[in-house]
Amino acid sequence: MSVNKLISNPVHLYRYLLRQCKKLPTNTQDHYKHHLRQSFNSHLDETNPERIQQIISRAVEDAEWIVKKYSKQPGI
């Protein structure tokens, strides 16, 4: 089952993304956690279910890309 199917609401997404941050190098975790919190706050007033699903899908894709990017770097 894909991650998008498991993430049904913004709180699940936020928790998933925080867990993904733990996979990153220690020196970058704070940056991405801050960015995550800012993004979450900027979308708090979103009520359109379709738009919320778009945001969730995009956030999951971006998180997968970032984790993959850092996992390819030597010494990590």
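Residues numbered from 1 in each chain as written. Predicted model: local features only at pLDDT ≥ 70, side-chain atom pairs only at ≥ 80, totals over all residues. Heavy atoms only, no water.

You'll find the chain entered in an unreviewed UniProt entry as LYR motif-containing protein 9, with Trichonephila clavata given as the organism. Under Sequence similarities (unreviewed entry), UniProt gives the following word-for-word description of the chain: "Belongs to the complex I LYR family. LYRM9 subfamily." (UniProt positions renumbered as here; feature names shortened; annotations may be inferred.)

Bringing helix 3 (residues 26–42) into the picture now. Between its terminal C-alpha atoms helix 3 stretches 25 Å, which fits the 24 Å expected from 17 residues at 1.5 Å a residue. Restricting attention to buried positions, one finds in helix 3 the residues Thr28, Gln29, Tyr32 and Leu36. Buried residues along helix 3 cover an arc of 110 degrees about the axis, so they all sit on one side. Facing away from the buried side of helix 3 by more than 90 degrees, the exposed set consists of Asn27, Asp30, His31 and His34. (Helix = DSSP H or I, 4+ residues; strand = E, 2+ residues; numbered from the N terminus. Expected span 1.5 Å × (residues − 1). Buried < 20%, exposed > 50% of the residue type's maximum accessible area, 1.4 Å probe, protein only. Arc of directions from axis to C-beta.)

With that out of the way, let us pick up the side chain of glutamine 20. Its place among the elements puts glutamine 20 in helix 2 (residues 10–21). Using a relative accessible area of 9% as the deciding quantity, one classes glutamine 20 as buried. The residues touching glutamine 20, leaving out its near neighbours within four places in the chain, are Ala63 and Val67. (Contact = heavy atoms within 4.5 Å.)

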